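Coordinate inspection notes
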Amino acid sequence: MSDSNFGPPPGNFNDDDSGRPRRPDTVALPPTRRPLVTALVVAAALLVVIAIAAQFWTEVLWYQSVDFSGVFSTQVVTKVLLGVVGGLLTAAMVWSSIHLAFRSRPIYAPSPDTQAMEHYRQLVEPMRRTATVAAPLAVGLFAGLSAATQWDTFLLWRNGSPFGTTDPEFGLDLGFFVFDLPWINFVVAFLTMILVIGFITAAFTHYLYGGIVAGQKMRSTQAARVHLSVIAAGLVLVRAVAFWVDRYNLATAQSTRMTGIQYTQAHADIPTKGILAIAAVMCAIMFLTVIWTRTWRLPLVGVAVLAVIVVAVGGIYPALIQSLKVRPSEKSLEVPYIQRNIDATRAAYGFDKIDVKSYDTKTVAAPGQLRGDAATVPGIRLIDPNIVSPTFKQLEASKGYYQFADVLDVDRYKIDGTSQDTVIAARELDLTGVPDGQRNWLNDHTVYTHGYGVVAAKGNTREDDGRPTFFESQIGTEGALGKYEPRIYFGESSPEYSVVGGGKREFDYPDPQGTGQITYSYSGTGGVALDAVRRLAYAVKYREINFLLSDAVTNDSRILDHRTPRDRVQRVAPWLTLDGNAYPAVVDGRVLWVLDGYTTSANYPYSEMTTLDTATEDAVTSTRTSVRAVQGGQVNYVRNSVKATVDAYDGTVNLYQWDETDPVLKAWMSIFPGTVKPLADIKGSLMEHLRYPEDLFKVQRSLLEKYHDTDAASFYGGQNFWRVPDDPTQQGADLLQPPYYLSLAMPGQPAPAFSLTSTFMPTGDRNVLSGFLAVDGDAGSADGKRSSTYGTMRLLETTGGSVNGPGQVYNDMRTSAVTSNDASLGRQLTLAQFISTTSSTGANVIFGNQLTLPVGGGLLYVQPIYVQARSTGSGTYPRLSAVAVAFGDKIAWAGSLDAALNDLFGGSSGAQAGDNGASAPTTPTPGSTPTPGSTGGTPSATPSQTPTSGATGTPNSAALTQALKDAQSAYTEGEAALKRGDFTAYGQAQTRLKAALERAVEASPRSAGSGN
């Protein structure tokens, strides 16, 4: 077969009539089509669009369900507006740079200088048109997303109002720094970014297409010079504005000493930044002269001169002022600026009106010394909310699928007409407690949907066996709080989402009459009502087909999601920084979660900057999960501006204006009108449960470590600085002692008030107290009006006798050789022996919150001591077994606070704590299991209840004395061995100690009523 039958092969050259070769014939092959790939791409894109649409729509539905649609729409509109404007400006700059540079490209005769770029131009040409559009859009997209994140800065700039106070340096209202300056800084930075991108894009395009030639000598066309000079002039002009604005930024600049303007900034930096701004304007004009001079000589000179001015005037001159003038006379020159910092910090954090008193502390305990504090002593809280969570769970959880927070809350309730400090917790759902065989989508999301009720105990008393005194406890019984809606559909441990209503299939609570259960169907208005289309949307959102297939999900159902109080409040008020702890309160027949919201700023002039998560971290936030440090970054202005509540049954969120003078809150109320209700709307029944927020107090006390000193000269030296003590019960962890809620009357205060307290020690290694801080946390009980004393801060600066610090007192108690006179203990033991003996019998001794109170003219320490059986099984929990107290160098301990105080103050303290009704405390033995939910319970055996062979009668004094001496010797040897790490010797000493104590018990008489 001849090749001629097929014609010339593709690509052959055929001669035409002229005899010259012609280009080969080309065969245009159709592009290969892959319908499967195309379909997959289209399907993937469609799925993405559907997922985004479902997410957006369900967000709209959620905000509608809580009546905060305006918050969502305002955010979306503002973000879209800023994103579009920012993106278009950036895209326009990039597109114009490419377009103008390409249109003005020169036509050069081929030369070695221009030939080098020809290869790259050929590579770029096929995609030039696409890149001219795609590159600006891509860069604009990222710039738009960046601009959209500034929605809150923009809205505050648009809605800010004056503070009514001017700064001492510029004479400007503080509102300029808080509201206007952040937005100005952003605009300057954004314009700088746009111009830099535009300049780089234009220069690259000119270089690619020959407008700029880099050969032996740099050459450029007039069009390139004009284009680049205009952009450069704009960039330098924007930097001139930045230099000028930086003058105001110095008011919040941080240094090693303080935040704000100091002497060098006031006398060197501020003037030089003004000079730099003028020089930059002149440099920008020089760039424009390129249009007429056609040379870069003048702009280059201008840039060089500007660089010299920046280095010499902006850097060297302030450094010389600092080293030659300030350092030799730093104290006298800086004192006025330090005073500005002190005054601004105290005002910005709300402790400028703190009541400071010198407290001449007594250290000697005398009989009747607490007579003048008889009203305070009954308010001493013995039940530690950080310890008794296992007790609540064991006694009141009822079933494994209920739980309590690992840190309970402290509140006040009226019991028999008297305000009672209370430890309270919500009985919430715990899905991890549901048997594994019952864990499936249907049970997790449609059956186990809510918790049930609250549990509350008195804060200052306990039962005979060491359990808390509950006044609201058992499911199905009415307690002192009366009737209320007990179901907890919205709580701190609620499932991600639940489908409720549409039939009585939800587990409500165990049937008290048998082994069955009571079911319930949600009848509230919370959540989003479902229909066929909404079910599809939520199926896409949660990627769960059961929304469409399960018969438990009907058109009568509702979906509850975003259920934690913190999440709900944060979503409706994204401008708030929330306290680390939400607490439950029973108000008007409903369980409400109460949250404190803070308005913050990092732009308050001269105020000290602090990091919220560091300032609010302590031993509780570091060791527990239900309470956490505030996540808010660096701020230098904080106000507790909002009190928020979340209804535990229907999820209703209410925001109440708490600080009516806060300009930042007023701005946000203008941005989101109608979202924050006025203070007048707070009912007295809710007001009774509002308290001073713990995290704000932590921030204030961290700053008061330095800023209690209001004298600038003394502040400069720092000799009077304090520190918050470490929590002594967290040995070796270096975790700060948390503040404590309790009712007390400070010196000069007419009556006890529910307060938040903390102590201070001097910096250094001395473990003594230097200050005691308390803030009145009682908001009152009137409708729409908070108590006039709420928020009053009182600081006692100790003088007179030296008072041991928390760590020293804790160590003294653990090694105390003081014997208790409390007959209810059943035997004579020192506190150290009690701890050692209890531990040796298979139990853990747990020291509770170490409370400090300014009573009796001095400072009283109260330390509840808990005992918990050491067991690997369930059923053990801490029981309050003893109370230790200290005043000065004297320590006493007993089975009750009353007895301990009487021992401490020479037989009679002069006041009644009211906990003497408790009988002998008990020490649980290993493996003892109390009856959950019981109201009484059998006390576990204690060492004092161990049968002995001795009969009641006169003791063998010599044998008793020798046994106690041997016990003390063995204890001392054991402690010494433990310190040097000799665990063999420590174990031998513990064996001798146990034997000696047994001999001591044998030689002791049986105390009447001890149970023997």
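For clarity, every value in this text was computed on a predicted model and none was experimentally measured. (Residues numbered from 1 in each chain as written. Predicted model: local features only at pLDDT ≥ 70, side-chain atom pairs only at ≥ 80, totals over all residues. Heavy atoms only, no water.)

1. Looking at the layout of surface pockets
Over the atoms, a rolling probe the size of a water molecule traces out where space has been left empty. Stated formally: In the cavity and pocket records, a cavity denotes points on a 1 Å grid over the protein atoms alone where a 1.4 Å probe fits but cannot get out, a pocket denotes an open set with protein on both sides within 12 Å along at least 5 of 7 lines, and lining residues are residues with an atom within 4 Å of a point. Grid points are joined across faces, edges and corners, and a volume is the space filled by probe spheres set on the points. Going along the chain from the N terminus, every DSSP run of H or I of four or more residues is numbered as a helix, and every run of E of two or more is numbered as a strand. In this classification, Asp, Glu, Lys and Arg are treated as charged, Ala, Val, Leu, Ile, Met, Phe, Trp, Tyr, Cys and Pro as nonpolar, and every other residue, Gly included, as polar.
For the largest pocket, the calculated volume is near 830 Å³. Every residue lining the largest pocket is counted, 31 residues in all, and those nearest its centre are Gly 350, Asp 352, Arg 639, Asp 659 and Arg 786. Secondary structure elements with two or more residues in the lining of the largest pocket: strand E22 (637–647) and helix H21 (694–707). Looking at the lining of the largest pocket element by element, the count peaks at four residues for E22. Counted by class, the lining of the largest pocket contains 17 nonpolar, seven polar and seven charged residues. When its volume is computed, the second largest pocket comes out at roughly 680 Å³.

2. A short note on the confidence of the model for the protein
Stated formally: A score from 0 to 100, pLDDT tells how confident the predictor is in each residue. Contacts are assigned to residue pairs that have any heavy atoms within 4.5 Å of one another.
Mean pLDDT over the protein works out to 86, with 88% of the residues at or above the 70 mark. For the protein, per-element mean pLDDT is lowest for helix H3 (residues 112–124), which scores 67, and highest for strand E23 (residues 653–657), which scores 98. Within the model, pLDDT remains below 50 along residues 917–955, and this stretch shows 90 contacts once partners closer than five positions in the same chain are excluded. Contacts for the low-pLDDT stretch residues 1005–1012, under 50 throughout, to residues beyond four places or in other chains number 13 contacts.

3. What about the pairing of strand E16 (residues 558–561)?
Moving residue by residue along a regular strand, the side chains alternate between the two faces of the sheet. To keep things clear, this is the line we draw: Think of it this way: DSSP has to see at least two bridges between two strands before they count as a pair.
For strand E12 (residues 497–500) and E16, the ladder comprises four bridges, and the chain directions are antiparallel. Across the sheet, Tyr 497 pairs through a bridge with Asp 561, a residue of E16. In this structure, strand E15 (residues 528–529) lies alongside E16, joined through two bridges in antiparallel fashion. Its bridge partner being in E16, Val 528 is matched across the sheet by Ile 559.

4. Concerning empty space enclosed by the protein
As enumerated under the stated definition, the model contains 10 cavities of 30 Å³ or more in all. Each pocket or cavity is described by its volume, and for the largest cavity that value is around 190 Å³. Taken together, 18 residues form the lining of the largest cavity, with Pro 385, Asn 386, Val 407, Glu 694 and Tyr 741 sitting closest to its centre. If you list the elements that add at least two residues to the lining of the largest cavity, you get strand E5 (409–415) and strand E26 (740–744). Broken down by class, the residue content of the lining of the largest cavity amounts to 10 nonpolar, three polar and five charged.

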